[in-house]
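So the chains spell out like this:
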Amino acid sequence: MTSSCPHNSSDPPREHLLHRLYAVQRQYRHISPQAMQQIADEFHLPLGQVASVVAFYAFFSTQPLGRFHILFSNCTSCGYLANGENLLQLLCKQLQTSPGKTRADGLISIDETSCIGQCDRGASLLVNDVPITGLNPEKIAQIAQLIATAIPLDAWPAQWFEIRDAVHRRELLLTTQPAPGSALRQALKQGIGETLAAIRQSGLRGRGGGGFDTGTKWQLCREAPGDARYVVCNADEGEPGTFKDRVLLRIHAEALFEGMALCAFVIGATRGFIYLRGEYRYLLPQLQAALNRRRDQGLLGGNILGHAGFDFDIDIVAGAGAYICGEESALIESLEGKPGIPRIRPPFPTTHGYLGQPTAVNNVETLIAATHIVAHGSDRFNSVGTPQSPGTKILSVSGDCRSPGIYEYPFGVRIQQILGDCGAGDAQAVQIGGPAGKLIAPADFNRAIGFEDLSTGGSFLVFGQQRDLLTIHRNFAHFFAHESCGFCTPCRVGTQLLKNTLDNIAAGRGSACDLKELQQLGQIVQRQSHCGLGHSAANHVLDGLQQFPQTFSSHLKQSFSARFDLDQSLASARQLTHRGDAAAHLDNG
Amino acid sequence: MMATTPGTIRIDNQEIPFTPGQTIMDAALAAGVYIPHLCHYPGLTPSGNCRLCIVETGNRSVAACITPAVAGQEIRSNTPELNAARTTITQMLFVEGNHICPSCEKTGNCKLQALAYHLGMLDDHFPQFYQRRELDASHPDILLDRSRCILCDLCVRASREADNKNVFAIAGRGTNAHLTVNSPSGKLADSAIAATDLAATVCPVGAIMIKEQGYQTPIGQRIYDRRTIRETGLQEHIDKKNDD
């Protein structure tokens, strides 16, 4: 799956470690200790490092998976509970298997995974890496039938795999596409200084949500001493509810590649990477084809557009199921073939990034915006938006609304307008920026999208009146506990404690002190964690306690109740003694 | 803000000199100012994972062991709020693992236990996780009990940097994170570790212990029975400096 980009001898082996592991898993349906040893030898790595990588990424398995391996999304928008029925249980029942286990005959394994970015398409799953969206009980029954009769995937109904992207509103970036090469020609004509000046004058800020000034980032990277420089595109959009990069990668890949080449031109890089989330692996063939097309057109490779010495090419590295790799230093660790554990910062990637060299890491949307700015000028770009947030933002709208999909707005747009446009008249709350973002109540629907008010990477989750917000909080808490990399104590343990406390409240065993507990715990996780994941993992709980206290208080017991279920705690004793009778239960004894 | 001479930082209003490249932790320990820590060990590359050395500078909370000292920094460390947060983090470590202080051979020599005393921690506060974790008794001289591991990464770094052996790694995500042994069988007996390695002795808790030495020092006469963790923490730094 690696591109044919030539590598220097000082670089890691030709094939990326994640790709090699993926290929082994594809062939043998798991990665055995022998395979790990063999790969460790091939890559001249300690066995421990290979084992750490296998254990870190959710899509790798040391136990054999089924010939059909199904991962249901568990996101609040594209998850298996999205239309009120437990579709994961339904499929398990119909195929006589249970979640997380491979059926004895090796035909099928079914499990759940974090948001797969199909939130505008309803309940969704990945079957052998390919998404099937718009799931309902009828479709599940058909899937069960196809699997039971071992019909190969390419003989499944073709319309299931048709990609339909719902783009409902277009502004600067989505209305026109600069002709391939036009921005690069402009850059070569005006030179590095003016190209960088255009980016700086545009006021473009990082679209992943962080909002760092893109021109400054490129300049820092350009000025940092190093033996080589790298351009990295962060296409690991893992924030639940975000799917705009999925659409951009499909429809606007040319502008993305061009943006990367522009960045390379400015900072002096010869090599770039797109770190593509494993959930979007199915996009690889068309992305590779587009890269090859650009090589044929002289827009990538050696002497780009005939400009002697302007050499730049792009590799795509596919992740393997780890939300944390959206954090730029974790992403770089992953690019280097390691577990995605965020680095100590400073130093920042602009000076010490990939292989310790200056590296510009930019979001997909940021790089596409850069192409537009160079092609059409910075004036056109910052003619819309707000002074602090020039340009537009592409939002991924999903949840309880009539028209989920992609919406591009000038920065400064009010929540109220977005809700009106997407057909969400009776929203109870909106989660802006995904679980790591901000929970907004109707009183704040006049607030605006922008770095100075509500910053977002693009996720816009609408919750209607009928939604139980505690279920949402539990979903988010489970997500963070699952995705915490485990490096630092407050996040590793704190996200588990938040999850357990919320589960306890939902089970009717919470008391008033649990609310205080959530508050204190949330603040520790938010304040004392090592990286952005931990810093934001408790946001939703703290917002909920402040904005919607009844979400939690309505579930509390007024009288004393034990924090644990004593009868449930005896389950293992019943199992050991083969007892299931009424006398073995406390309530009925 | 008070005027600060170049090359100094202020921790809890005490002026502390530093040399360029030093972290807040290095400068503090060198000046005899103790900042609680578990995953920091003089001479090993700092990691910043335990978060006990959190200090505040401006409105930010940072780990002192990985944050460079910058001239004029105003740092808060020994405050009721930070010590409360440190206590909570210590409680988190206690409930995540299976810490059996009264019957653990490490009792009295254990940094986690000593730190809990230092912070005045009276209970675990949170419900126990009761995780099942693998024990490795394969090595003739060294016992590895993952139940008591706090994932501080000291053995990983000690083996890599001081012993040049790379015996340990941490694998798995979230609370599934666990210590692994870099050998074909995954067992210590098949690894290159020796009882004299720093990796075998650096463990702050009872996860890696030398066999057949149990109770040679009676309870009551152990490290933290004689000195506080504050004194030992500062002494470790002086010892390392003298070695160099």
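Residues numbered from 1 in each chain as written. Chains lettered and ligands numbered in written order. Predicted model: local features only at pLDDT ≥ 70, side-chain atom pairs only at ≥ 80, totals over all residues. Heavy atoms only, no water.

> Help me understand unusual backbone geometry, please; the structure alone is not making it clear to me.
Backbone geometry follows two general trends: most residues other than glycine have a negative phi, and most peptide bonds adopt the trans configuration. Residue A:Pro346 is reached from A:Arg345 by a cis peptide bond, and omega for that bond is -5°. Considering the arrangement of structural elements, one finds A:Pro346 in the loop between helix H12 (328-335) and strand E9 (359-363). Of note, the bond from A:Pro346 into A:Pro347 is cis; its omega dihedral lies within 30 degrees of zero at 5°. Secondary-structure assignment places A:Pro347 in the loop between H12 and E9. Positive phi, close to 50°, is recorded for B:Asp12, a residue that is not glycine. You can see B:Asp12 is positioned in the loop between strand E1 (8-11) and strand E2 (14-17). We classify B:Asp12 as partly exposed; its relative accessible area is 33%. Positioned with a positive phi, B:His125 is a non-glycine residue whose angle comes to about 65°. (Helix = DSSP H or I, 4+ residues; strand = E, 2+ residues; numbered from the N terminus. Buried < 20%, exposed > 50% of the residue type's maximum accessible area, 1.4 Å probe, protein only.)

> When you look at the interface of chain A and chain B in this model, what are you seeing that I'm missing?
When the parts come together, some accessible area is lost, and that loss is often what is quoted as the size of the interface. Contact with chain A, which involves 36 residues of that partner, is made by 37 residues of chain B. The junction of chain A with chain B conceals about 2,800 Å² of combined surface from both sides, 58% of it contributed by carbon and sulfur atoms. Area buried by chain A at its contact with chain B is led by A:Arg492, A:Arg527 and A:Gln528, which between them contribute 21% of it. In this structure, the connection of chain A to chain B is made through 3 salt bridges. (Contact = heavy atoms within 4.5 Å. Buried area = accessible area lost by both parts, 1.4 Å probe. Salt bridge = Lys/Arg side-chain N within 4 Å of Asp/Glu carboxyl O.)

> How should the packing of aromatic side chains be read in this particular structure?
Between two aromatic rings, the relevant description is the distance of the centres plus the angle of the planes. All names here are of chain A. Under the counting rule described, the total for this entry stands at 14 aromatic pairs over all chains. Here Phe56 and Tyr57 contribute two aromatic rings whose centre-to-centre distance is 5.2 Å and whose plane-to-plane angle is 70°, an arrangement assigned as edge-to-face. For the pair Phe56 and Tyr57, a shared accessibility class is recorded, and that class is buried. Consider the rings of Phe479 and Phe480, whose centres lie 5.1 Å apart with planes at 65°: the pair is edge-to-face. Residue class for Phe479 comes out buried when judged on its relative accessible area of 6%. Phe480 sits in the buried class, given a relative accessible area of 1%. (Phe/Tyr/Trp six-rings, centres within 6.5 Å; stacked < 30°, edge-to-face > 60°.)

> Whenever I open this one, the domain arrangement of chain B confuses me. Can you help?
All names here are of chain B. When the domains of chain B are assigned, the result is domain 1 (1-130 + 219-244) and domain 2 (132-213). If you average the C-alpha positions of domain 1 and of domain 2, the two centres end up 23 Å apart. With 25 residues of domain 1 at the contact, the number on the domain 2 side is 22 residues. Of the roughly 1,800 Å² buried at the junction of domain 1 and domain 2 (both faces included), carbon and sulfur atoms supply 56%. Between the two partners, domain 1 and domain 2, sit 1 salt bridge. Between Glu96 and Arg133 there is a salt bridge, and its shortest N-O distance comes to 4.0 Å. Taken together, the connections running from domain 1 to domain 2 amount to 8 residue pairs in polar contact (both at pLDDT 80 or more). Among the residues forming the side of domain 1 that touches domain 2, the class breakdown is 12 nonpolar, 9 polar and 4 charged. (Domains from an automatic or database assignment. Polar contact = N/O pair within 3.5 Å; in protein donor to acceptor, adjacent residues only side chain to side chain. Nonpolar A, V, L, I, M, F, W, Y, C, P; charged D, E, K, R; others polar.)

> Which parts of the structure should I look at to understand the state of the cysteines?
One way to say it: the disulfide is the covalent bond shared by the sulfur atoms of two cysteines. Using the criterion set out here, one finds 0 disulfides over all chains in the structure. Residue B:Cys101 stays outside any disulfide, its sulfur separated by 6.2 Å from that of B:Cys110, the closest cysteine. (Disulfide = S-S within 2.5 Å.)

> Quick question: what am I supposed to make of the packing of helix H2 (residues 33-42) of chain A against helix H3 (residues 47-56) of chain A here?
When two helices pack together, their arrangement is given by the angle between their axes and by how far apart the axes lie. Residue and element names in this part refer to chain A. Relative to each other, H2 and H3 sit at 120°, their axes nearing to 8 Å. The angle between the axes of H2 and H3 places the two elements in the oblique class. Two packed elements cross with a definite hand, and for H2 against H3 that hand is right-handed. Side by side, H2 and H3 meet where Met36, Gln37, Ile39 and Ala40 of the first sit next to Leu47, Val50, Ala51 and Val54 of the second. Counted by class, the contact of H2 with H3 contains 7 nonpolar, 1 polar and no charged residues. (Axes fitted to C-alpha atoms, helices over the stretch in contact; angles between N-to-C directions. Parallel < 35°, antiparallel > 145°, perpendicular 65-115°, else oblique. Left-handed = near helix turned anticlockwise from the far one by under 90°.)

> I tried to follow the environment of A:Arg121 on my own but got confused; where do I start?
All names here are of chain A. Examined against the element boundaries, Arg121 turns out to sit in the loop between strand E2 (108-113) and strand E3 (125-127). A relative accessible area of 21% means that Arg121 is categorised as partly exposed. In this structure the C-alpha to C-alpha distance between Arg121 and Ser398, which are 277 residues apart in sequence, comes to 8.8 Å. Those residues in contact with Arg121 that sit more than four places away from it in its chain are Thr133, Gly134, Arg164 and Arg246.

> Help me understand the nonpolar core in this model?
In a soluble, globular protein the nonpolar side chains are often hidden away together inside. Among the nonpolar cores identified, the biggest contains 201 residues, and A:Tyr57, A:Phe60, A:Trp218, A:Leu256, A:Phe312 and B:Phe168 are the most heavily contacted of them. When near neighbours in sequence (up to four residues on either side) are disregarded, A:Phe60 contacts A:Leu18, A:Leu21, A:Tyr22, A:Gln25, A:Ile31, A:Val53, A:Val54 and A:Ala320. One finds A:Ile70, A:Val127, A:Ile143 and A:Leu153 within the second-largest nonpolar core, a separate group that totals 26 residues. (Core = buried A, V, L, I, M, F, W, Y, C linked by side-chain atoms within 4.5 Å.)

> Can you help me understand the pairing of strand E1 (residues 68-73) of chain A in this one?
Consecutive side chains along a regular strand alternate between the two faces of the sheet. Residue and element names in this part refer to chain A. Burial analysis of E1 places 6 of its 6 residues in the buried class, the great majority of the element. Alternating residues of E1 divide into Phe68, Ile70 and Phe72 and His69, Leu71 and Ser73, and every residue in both groups is buried. Bridge count between E1 and E2: 6 bridges; the pairing is parallel. Residue Ile70 lies in a different strand from E2, and its bridge partner there is Ile110. Assessed by its sense of winding, the connection that carries the chain from E1 through helix H4 (residues 87-94) to E2 is right-handed. With 3 bridges connecting them, E1 and E3 associate as antiparallel partners. If you follow Ile70 over to E3, its bridge partner there is Val127. (Pairing = 2+ DSSP bridges. Right-handed = clockwise from strand over helix to strand, strands pointing away.)

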